[in-house]
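Spelled out, the chains give:
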Amino acid sequence: MKLDDVRADLSAVLFTEEHIETRIGELAAQIDQDYADKSPLLVGILNGAVMVMADLSRALSIHCEMDWMAISSYGSGVASSGVVRILKDMNTSIVDRHVLIVEDIVDTGLTLSYLIENLKSRNPASIEVCAGFRKPEAVRNHVSVKYLGFDIPSDFVVGYGLDYAGRYRNLRGLGILSPKVYS
Ligand code: PRP
């Protein structure tokens, strides 16, 4: 789905497909350098991370492996409690592995903070994070994202893996959803 297909639903376009592709390419080049000879294990967090994972992994020149986790936040849908329930764990042992968590967005950063602590207890060689987008609250909470696509405003955004009510994940760019769609 292209931005033009749902342009009427968006109050603004933040990044086009080409813009995102360029940035993901830059992150991949950095990861190529940092993980030369390390064959990292990319751990994608379902569902949102599928697009970043697909594009980032294919932009790498080094070998990598991929695995997936599905998690769900406890608490109301409005505010994250920061305690996550693992719905699907990885199939791979991460002992002595170089783990790179792949996320679509870091919003409050609570999910990621919990996840990093959980994975650290499994004795990996290293853990870093790659995220497509980061909202201001995560910046305020000092959540460490080594490989970041873009800082974005705190608006309700959709596209590139990010959904509203399950839709718009397949939108190729990133846009701010118009309030008329959800109000
Ligand atoms: C999103 C995103 C992160 C989390 C970030 O997942 O993929 O996992 O929220 O939020 P936080 O920084 O405030 O903790 P979501 O629960 O929407 O599931 P989804 O990926 O399946 O859409």
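Residues numbered from 1 in each chain as written. Predicted model: local features only at pLDDT ≥ 70, side-chain atom pairs only at ≥ 80, totals over all residues. Heavy atoms only, no water.

Participant: Please explain the side chain of Arg97 as it appears in this structure.
Facilitator: Structurally, Arg97 can be placed in the loop between strand E4 (84-88) and strand E5 (98-106). Beyond its immediate stretch of four places on either side in the chain, Arg97 contacts Ser39, Pro40, Leu41, Glu65, Thr92, Pro124, Ala125 and Ser126. (Helix = DSSP H or I, 4+ residues; strand = E, 2+ residues; numbered from the N terminus. Contact = heavy atoms within 4.5 Å.)

Participant: Sorry, what's going on with the site of the ligand here?
Facilitator: Neighbouring the ligand are 14 residues, the closest being Glu103, Asp104, Thr108, Gly109 and Thr111. One of the side-chain N or O atoms of Glu103 is found 2.7 Å from an oxygen atom in the ligand. The backbone of Gly109 places a nitrogen or oxygen atom 2.7 Å from an oxygen atom of the ligand. Taking 500 Å² as the accessible area of the ligand by itself, protein coverage stands at 75%. Taken together, the elements giving at least two residues each to the shell around the ligand come down to E5 and helix H3 (110-120). In terms of residue count, the dominant contributor to the shell around the ligand is E5 (4 residues). Grouping the constituent residues of the shell around the ligand by class yields 4 nonpolar, 5 polar and 5 charged. (Near = heavy atom within 4 Å. Polar contact = N/O pair within 3.5 Å; in protein donor to acceptor, adjacent residues only side chain to side chain. Areas by Shrake-Rupley, 256 points an atom, 1.4 Å probe, with all protein chains shown as cover. Nonpolar A, V, L, I, M, F, W, Y, C, P; charged D, E, K, R; others polar.)

Participant: Would you mind showing me how to read the nonpolar core here?
Facilitator: Ile20, Leu56, Phe133, Ile152 and Leu174 are the most contacted members of the largest nonpolar core, which totals 27 residues. Breaking this core down by element, the ones donating at least two residues are helix H1 (17-34), helix H2 (50-59), E5, strand E6 (126-134), strand E7 (147-151) and strand E9 (174-177). Tallying contributions element by element places H1 first for this core, with 5 residues. In this structure, Ile20 is in contact with Phe15, Phe133, Phe150, Tyr160, Arg172, Gly173 and Leu174, ignoring residues within four places of it in sequence. (Core = buried A, V, L, I, M, F, W, Y, C linked by side-chain atoms within 4.5 Å. Buried < 20%, exposed > 50% of the residue type's maximum accessible area, 1.4 Å probe, protein only.)

Participant: Can you help me understand the environment of Glu26 in this one?
Facilitator: On the secondary structure map, Glu26 appears in helix H1. Of the residues examined, Glu26 reaches a relative accessible area of 42% and is grouped as partly exposed. Taking the C-alpha atoms as reference points, Glu26 and Tyr147, 121 residues apart in sequence, are found 9.6 Å from one another. Reaching out from Glu26, the side chain makes a polar contact with the side chain of Arg23 at a distance of 2.7 Å.

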